[in-house]
Every structure is written in C-alpha cells, then in structure tokens.
Amino acid sequence: MGITRREAIAGLAVLPAALGALASASETEHIMGPTVFNWNDMKPEKTAKGEVRSLCKSPTATVDQLEMHVTTLNPGLESHPPHRHLNEELIIIREGECETLSDGKWVKVGPGSVVFNASNSLHGFRNVGATPATYHVVNWSPNKNTSPKSS
C-alpha cells in the first residue's frame, strides 16, 4: 500500500499550515501563568553599576512580552542615558533616593514612589542618594496586532 503522487502533493500543500499550527502550539506552552517571585529566592547578579535580579521575560495571555527585574543602582550612577522605547514601564522604588526624567523634568523619588514611563516617552533614572537604591521594574510590550495609542 503506497502513497500516490496526488496524495503526496496534497500532503506537501498542507505542510506549511500544519507546521505553523505546531509552532503556535509550542509558543502557547511558554505563556506565563500565575507565578510568585519570592525575594529570598531572587539571585542577584553583579553589574558595573550595582546588581540586577532578573525575574521573567515571557509572553502572557494578554501581552507579547512581560519583563520584570529588580535593580540595585550604586550612588551617583544612572541606569543608562535617557532614551525611548515602544514598551510601557513601571518603576517602583523600594529603597534609596533617585531622580527620574519624566515629561522633560527631573523629579526626585524615594521609597514607595511609582514611576510610569509611557510608550515612546523620553525617560531616565539615576541614584542621587548616598546609599544604593533598589527598585522594581515591570515593562510590557504590546500585542503585535495592536498599535500604540497616543494621548
């Protein structure tokens, strides 16, 4: 019992769709579900400016990528020069005294402060205190089928 040439051609014609469905199925396996990040389990990695605790960089059910980390920035340093990016971002200050570039102005922020960096807004962050500053960063990329809306 063999396969006819017609059956082989028909099978090859549907192969790309079948492979696409298989790839989509494997992508959905990596969608992040409920997760707990325990501070005591977060492993700090030394950087030139302090340290970072990387938590995740993964798609979720509603965004293409959710990235979270905790940074400790040494006194007198900036995380990086002011810049822009498509993804939106929250910064929650845990400890230390910092300044954030927001809407064209440097604003002082301390423990408990929350900073929202809108899509494509120029922003920056620096430690202006005498001790290390630690802050949580949550940023997300929009779904590919959604364009950012301007306010």
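Residues numbered from 1 in each chain as written. Predicted model: local features only at pLDDT ≥ 70, side-chain atom pairs only at ≥ 80, totals over all residues. Heavy atoms only, no water.

Take the sheet that holds strand S1 (residues 45–47) next. Ordered in space as S1-S2-S3-S10-S5-S8, the six strands form an open sheet in which the pairing is antiparallel. Edge strands, defined here as strands with exactly one partner in the open sheet, are S1 and strand S8 (114–117). Between one strand axis and the next, the sheet turns by 25° as a mean value, whatever way the strands run. One ladder, built from three bridges, connects S1 with strand S2 (residues 50–58); its direction is antiparallel. Residue Glu 45 lies in a different strand from S2, and its bridge partner there is Val 52. (Pairing = 2+ DSSP bridges. Helix = DSSP H or I, 4+ residues; strand = E, 2+ residues; numbered from the N terminus. Axes fitted to C-alpha atoms, helices over the stretch in contact; angles between N-to-C directions.)

Looking at the largest pocket, its volume works out to about 320 Å³. Tallied by class, residues from the lining of the largest pocket come to six nonpolar, 13 polar and three charged. (1 Å grid on protein atoms, 1.4 Å probe; cavity = no way out; pocket = protein on both sides within 12 Å on 5 of 7 lines; lining within 4 Å. Points joined across faces, edges and corners; volume = space filled by probe spheres on them. Nonpolar A, V, L, I, M, F, W, Y, C, P; charged D, E, K, R; others polar.)

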